[in-house]
Amino acid sequence: MEELQKMNEPELVGCFEDALQFDHIYAVYQPQINHSTGRMVGAEALMRWKHPIYGVQMPGDFIPVLEKNNLIYRADLHIFETVCKFQRKCLDQGISIIPISVNMSRYDIYNTNYVEEIEAIRMKYDIPVQYLRLEITESSAIGGLELITRVLRQLHDRGYTVEMDDFGSGYSSLNILKDLDVDVIKLDMAFLAGKIGGRGGTILSSIVQMTKWLGTPVIAEGVETMEQADYMKSTGCNYIQGYLYYKPLSEEEFLVKMMQLDHEPLTPGMHLVKTLDAGKFWDPNSMETLIFNNFVGGAAIFTYDVENHALDILRVNRKYVKELGMNMSEHEIIGKDPWAFHDEKSREKYEKALKRAIEFKDEEMVETWRTFVSDCCGEDRICIRTYLRVIGDAGTQYLFYSMVQNVTAEKKRDIQLAEDEARYKFAFEQANVYAWEYTIATKEMRPCFRCMRDLGLPPLIKNYPEPVIENGVFPLDYADMYRDWHKQLEQGVDYLEAIIPLTVGRVPFHVRYTLEKDENGRPLKAYGSATLVIDEK
Ligand code: C2E
Ligand code: CA
Ligand code: CA
């Protein structure tokens, strides 16, 4: 099929009627193959125009002309009919057929009768609807979603499979997915050329992951090398249409291939837990999205591969970014290896929790410390409590929903609490520390051994702190502040500290309080300590 001479616009328009009538406009077929099994899953019909004198014309040259002259819908219907004729011929000969995709121009959707017309053709040839698929492009949504949504509904009502062609070419890709309820997604390698392995690869793999999560099969198009095919396979996309397997074939060549190869249906890569409506998740107005962004706190969707231990973050909500206090966008978070923040011990702990969640199909909780390094703030260690739940699986891969809480402050307080408790218990062993225990409910204070010995305090002081203010151990200038501290503790303030001159000598002490709460978060006890401030000079 050699292009002899490109036809110009008047020539194309002038020859159009003849081209339809004499089948100068016809279809070639490019098989779609499952890279893992070698079986055929479908084919795409691609339009060609062979002029008796000028030779074969390529769609890139004549389709824009047909679009401009409002002729494309008739050419598209002609290809649809050509495909139906071919399928009918095969069926009549008892040949087992395969679904064939036909392209729809975005101008076809402006033709309100389009769906009716293809239906009439399909009926004429009596082709079961599952053997015909329609390809639409993101550009169909230009100028509003209403029209394309209506056409999509009409097609679905009649049982057609609709494919999103050239997915990833526009930058609104991810949004279009949630708006348009398509059944198959076609990713074009050309849009991803040169990006394999790097961040582009990560983004590509998360597109595939997300589409899997939507329960939508993905076909990679324009695959020319084994490296590309294997890469797509590694991201979980097994369906390939490209020169690596076949260039577009003439009808006769295609027929031979269709008879030679085994067939299999397209299936989504991921099985979702039944309670989850993934479609809604991408709908910005759905309850799911509202919940994801506003109510659940920090949340993320990620995959975990039990075989190679890989974690891949697919989506995080706004609160996730905030909770982790990271100076990164969702995009940047998705592009990073999540394990980079964990040391070996916490990674082990986290993976154990993932495996428990998989095994018991239940929510699991795990707390791990992570280290973040940023240009502006240097290194920071934070403790994250994560609740994990499996929401889907595909082979060795599991899809997780996780909620995160930054519990660093709580943990640091626990550490401080433990230290203060210890300090209280062993105060008498330390030279410069006084410690006491204050019970919130009863306002009772129990001093350490040293307090009793050096300050002459009784083992139990009621209505604390009044007696120590009265007896002068506590300076009057600070009395109101100190009274207020006890009110604050009662109200649940976790931590207080100040430098206060104490004892008869009015020596500066570093006075601290750490609050202990019960499991309902109510204040229980406060541990007080006073450490002599030693002048370092
Ligand atoms: P498309 O729908 O994205 O079709 C895929 C194009 O990629 C085809 O180009 C195909 O030959 C080419 N291709 C497939 N595998 C490879 C590969 O491994 N490497 C490379 N470099 N290319 C590969 P083609 O046939 O030239 O069609 C171009 C475009 O014209 C199509 O892109 C589609 O947008 C349009 N088109 C084709 N047939 C029709 C039709 O019947 N109706 C309408 N409205 N548009 C059509
Ligand atoms: Ca296409
Ligand atoms: Ca395409």
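So, how was this worked out
Residues numbered from 1 in each chain as written. Chains lettered and ligands numbered in written order. Predicted model: local features only at pLDDT ≥ 70, side-chain atom pairs only at ≥ 80, totals over all residues. Heavy atoms only, no water. Helix = DSSP H or I, 4+ residues; strand = E, 2+ residues; numbered from the N terminus. Buried < 20%, exposed > 50% of the residue type's maximum accessible area, 1.4 Å probe, protein only. Contact = heavy atoms within 4.5 Å. Areas by Shrake-Rupley, 256 points an atom, 1.4 Å probe, with all protein chains shown as cover. Donors = N, O, S within 2.8 Å, 3.2 Å for Na, K, Ca; no water. Near = heavy atom within 4 Å. Polar contact = N/O pair within 3.5 Å; in protein donor to acceptor, adjacent residues only side chain to side chain. Nonpolar A, V, L, I, M, F, W, Y, C, P; charged D, E, K, R; others polar. Pairing = 2+ DSSP bridges. Axes fitted to C-alpha atoms, helices over the stretch in contact; angles between N-to-C directions. Phe/Tyr/Trp six-rings, centres within 6.5 Å; stacked < 30°, edge-to-face > 60°. Salt bridge = Lys/Arg side-chain N within 4 Å of Asp/Glu carboxyl O.

Visitor: Sorry if this is basic, but what is going on with the overall build of the chain here?
Guide: Along the chain, the regular secondary structure elements total 18 helices and 20 strands. Counting every position in the chain, which comprises 537 residues, the buried fraction comes to 48%. Here the contacts in the chain between residues at least 6 apart in sequence split such that 59% fall between residues at least 24 apart. Surface accessibility of the chain: about 26,300 Å² in total, with carbon and sulfur atoms responsible for 51%.

Visitor: Explanation requested: the coordination of the calcium ion (ligand 3) in the structure shown.
Guide: By definition of the ideal shapes, a tetrahedral metal site with four donors has angles of 109.5 degrees and an octahedral site with six donors has angles of 90 or 180 degrees. The protein atoms that coordinate the calcium ion (ligand 3) are Asp-165 (OD), Asp-166 (OD), Glu-221 (OE) and Glu-221 (OE), at distances of 2.2 to 3.1 Å. Sequence positions of the residues that donate to the calcium ion (ligand 3) give the spacing D-D-x54-E. For the pair the calcium ion (ligand 3) and the calcium ion (ligand 2), the metal-to-metal distance amounts to 4.0 Å, and Asp-165 bridges them. In this pair, Asp-165 sits in strand β6 (residues 161–167) while Glu-221 sits in strand β8 (residues 218–221), placing the two residues 56 residues apart along the sequence. Each member of the pair, Asp-165 as well as Glu-221, carries the same accessibility label: buried.

Visitor: Got a minute to help me understand the site of ligand 1 in this structure?
Guide: Around ligand 1 there are 22 residues in total, and Met-47, Arg-48, Asp-76, Glu-224 and Tyr-243 lie nearest to it. Asp-165 places a side-chain nitrogen or oxygen 3.0 Å from an oxygen atom of ligand 1. Asp-166 has a polar side-chain atom sitting 3.3 Å from an oxygen atom of ligand 1. In isolation ligand 1 has 800 Å² of accessible area, and contact with the protein removes 79% of it. Counting only elements with at least two residues in the shell around ligand 1, the list comes to β2 (40–51), α2 (59–68), α3 (72–92) and β6. Among the elements that line the shell around ligand 1, the one with the most residues is β2, at four residues. Taken together, the residues of the shell around ligand 1 break down into ten nonpolar, five polar and seven charged.

Visitor: Can you help me understand the sheet that holds strand β17 (residues 444–447) in this one?
Guide: In sheet architecture, strand pairing relies on hydrogen bonds along the backbone and comes in two forms, parallel and antiparallel. Overall, antiparallel pairing links the five strands, which are arranged β17-β16-β20-β19-β18 in an open sheet. Edge positions in the sheet fall to β17 and β18 (495–502), since each of these pairs with one other strand and no more. Strand-to-strand twist across the sheet, computed as the mean angle between neighbouring axes with direction ignored, equals 20 degrees. Sitting on the sheet, helix α18 (residues 479–490) is in contact with β16 (433–439), β18, β19 (507–517) and β20 (523–532), with an inclination near 160 degrees to β18.

Visitor: Sorry if this is basic, but what is going on with the coordination of the calcium ion (ligand 2) here?
Guide: Those donors, Glu-44 (OE), Asn-103 (OD1), Glu-135 (OE) and Asp-165 (OD), are the protein atoms that reach the calcium ion (ligand 2), and they lie 2.0 to 2.3 Å from it. Look at where the donors of the calcium ion (ligand 2) fall in the sequence and you get E-x58-N-x31-E-x29-D.

Visitor: Hey, could you run me through the packing of aromatic side chains in this one?
Guide: The relation between two aromatic rings is expressed through the spacing of the ring centres and the mutual angle of the planes. Within this structure, the stated rule accounts for 17 aromatic pairs. Ring centres 5.7 Å apart and planes at 85 degrees place the aromatic pair Trp-436 and Tyr-513 in the edge-to-face group. Of this pair, Trp-436 sits in strand β16 while Tyr-513 sits in strand β19; the two residues are 77 residues apart in sequence, bridging distant segments of the chain. For Tyr-513, a relative accessible area of 0% corresponds to the buried category. These aromatic residues form a ring-pair network of at least three members: Trp-436, Tyr-438, Tyr-464, Phe-474, Tyr-482, Trp-485 and Tyr-513.

Visitor: Whenever I open this one, the pattern of salt bridges confuses me. Can you help?
Guide: Oppositely charged side chains can form a pair if their charged atoms are brought close together. Throughout the structure, instances matching the rule amount to 24 salt bridges. Between Lys-124 and Glu-81 there is a salt bridge, with its nearest N and O atoms 3.1 Å apart. With a gap of 43 residues between them, Lys-124 in helix α4 (residues 114–125) and Glu-81 in helix α3 connect regions that are remote in the sequence. You can call Lys-124 exposed: its relative accessible area is 59%. Salt bridges linked by common partners bring Glu-44, Glu-135, Lys-186 and Glu-221 together as one network.

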